[in-house]
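In case you want the letters, here they are:
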Amino acid sequence: MESLLQHFRKDEQQFIEQVSGWIIDVEDRYSPKLTDFLDPRERFIVQAVIGSSDVRMAASGMFEGAERQRVLLYPSYYEPQQEDFQVTMFELKYPVRFVTLKHPDILGSLMSIGLGRGKFGDIRIEGERIQFAAAEEVSAYLQTNFVSAAKVKVQLNPVEDPAEFLTSVDEWTEESFTVSSLRLDTVISSVYNISRQKAASLIHAGRVRVNWTVQEHPSFELHESDLISSRGYGRIKVGMIEGRTKKDKIRLQIGRLDTNK
């Protein structure tokens, strides 16, 4: 375990220990273990912790290319089926003539009824249509309690035909930047063309996430492949670190995705 922990950040150690417990359960009971919805970084950690053990891993978020997915850990003899992931797809019905609902409206309303973020997956919006994936065990609770969003009444209807699931295609553009360091506030300042003070204010206000986790320390050191989401500014991904200039600045490739996810 110690050799594994050294490859990850300190704030990820608790999750790594939790994953280790899941794997031990699967090995001891010789039966599958289903998790809540995990983000891509968490799924990467799960795969790393599994390593060369006899436990296998499968994941599903129902949507094609889903960002958040439930993970099934299972012994090698087991053959996973789609129903093992226990995910329900819902479509939101609301008065489209009078209001335009956005991703934060749906996310905020779901959180306000007492559900943890792990109980629902991606939220997708295509024109007036809104769908999201939810853990089957909270489906009845959702249909009873999720009755409004942005002060308008809503109704949840299950979507059973995968052909009706909304699709989305993320388009990233690559840009090059020269930064003095890989500090979070420094990179945000350069990429979004704002002052370091403004970048630090965003971070302190809890408006910046790194790898899907709120990061409130401007001095946080970024690594290659880190995903940064800044509310109101979109998403960026740290690409290749290309070396240093003669003035000892860091040449950095950044992927940019303007999205409301």
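Located above this text is the structure these notes cover.
A. Up close: the packing of helix α6 (residues 184–192) against helix α7 (residues 196–204). As a packed pair, α6 and α7 sit with axes 8 Å apart at the nearest point and diverge in direction by 120°. With respect to α7, the element α6 is oriented oblique. Judged by the twist between their axes, the crossing of α6 over α7 is right-handed. Judged by residue contacts, L184, D185, T186, I188 and S189 of α6 engage R196, A199, A200 and I203 from α7. Tallied by class, residues from the contact of α6 with α7 come to five nonpolar, two polar and two charged.

B. The arrangement of the sheet that holds strand β13 (residues 227–230) in detail. A sheet is described by the order of its strands in space; here six strands give the open sequence β10-β15-β14-β13-β11-β12, paired in antiparallel fashion. Two strands close off the open sheet at either side, each with one partner strand: β10 (173–179) and β12 (213–214). Bridge count for strand β11 (residues 208–210) against β12 is two bridges, and the pairing is antiparallel. Its bridge partner lying in β12, V210 is registered against T213.

C. Focus on the pairing of strand β14 (residues 234–244). One ladder, built from four bridges, connects β13 with β14; its direction is antiparallel. Pairing of S230 across the sheet is with G234, part of β14. Taking the residues between adjacent antiparallel strands as the criterion, β13 and β14 are bridged by three residues, where G232 takes a positive phi near 95°. Pairing analysis gives seven bridges linking β14 to strand β15 (residues 250–257), with the strands arranged antiparallel. Looking at the pairing, R244 lines up with I250 of β15. The hairpin formed by β14 and β15 contains five residues between the paired strands, and D248 there has a positive phi angle of roughly 65°.

D. Highlighting the pattern of salt bridges. Taken as a whole and assessed by the stated rule, the structure comprises 15 salt bridges. Notably, a salt bridge pairs E137 with K119, separated by 3.0 Å at the nearest N-O pair. Pair noted here: E137 is in the loop between β6 (129–135) and α5 (139–145) and K119 is in the loop between α4 (103–112) and β5 (120–126), with a separation of 18 residues, a long-range link. Given a relative accessible area of 43%, E137 falls into the partly exposed group. Residue class for K119 comes out partly exposed when judged on its relative accessible area of 22%. Close ionic contact of R129 with E164 constitutes a salt bridge, the shortest N to O distance being 3.9 Å.

E. Structural detail: the sheet that holds strand β9 (residues 155–158). Spatially, the four strands line up as an open sheet ordered β5-β6-β4-β9, and their pairing is antiparallel. This sheet does not close on itself; its edge strands, each paired only once, are β5 and β9. Direction aside, the axes of adjacent strands within the sheet are offset by 25° on average. Sheet topology note: the strand β4 (residues 87–93)/β9 ladder contains four bridges and is antiparallel.

F. Region of the structure containing the side chain of D39. As for its placement among the helices and strands, D39 is situated in the loop between β1 (33–38) and α3 (40–50). At 4.6 Å, R68 is the nearest oppositely charged side chain to D39, a buried residue that forms no salt bridge. Within the local environment of D39, its side chain forms a polar contact with the backbone nitrogen of R41, the two atoms lying 3.0 Å apart. Among the polar contacts made by the side chain of D39, one reaches the main-chain amide nitrogen of E42 at a distance of 2.8 Å.

G. The environment of I250, seen in detail. For I250, the location among the structural elements is in strand β15. Along the sequence, I250 and V179 sit 71 residues apart, while their C-alpha atoms lie 5.2 Å from each other. Excluding anything up to four places from it in sequence, I250 contacts F177, T178, V179, S180, S181, L182, I241, G243 and R244.

Scoring rules and cut-offs
- Residues numbered from 1 in each chain as written.
- Predicted model: local features only at pLDDT ≥ 70, side-chain atom pairs only at ≥ 80, totals over all residues.
- Heavy atoms only, no water.
- Axes fitted to C-alpha atoms, helices over the stretch in contact; angles between N-to-C directions.
- Helix = DSSP H or I, 4+ residues; strand = E, 2+ residues; numbered from the N terminus.
- Parallel < 35°, antiparallel > 145°, perpendicular 65-115°, else oblique.
- Left-handed = near helix turned anticlockwise from the far one by under 90°.
- Contact = heavy atoms within 4.5 Å.
- Nonpolar A, V, L, I, M, F, W, Y, C, P; charged D, E, K, R; others polar.
- Pairing = 2+ DSSP bridges.
- Salt bridge = Lys/Arg side-chain N within 4 Å of Asp/Glu carboxyl O.
- Buried < 20%, exposed > 50% of the residue type's maximum accessible area, 1.4 Å probe, protein only.
- Lys, Arg positive; Asp, Glu negative; His and termini not counted.
- Polar contact = N/O pair within 3.5 Å; in protein donor to acceptor, adjacent residues only side chain to side chain.

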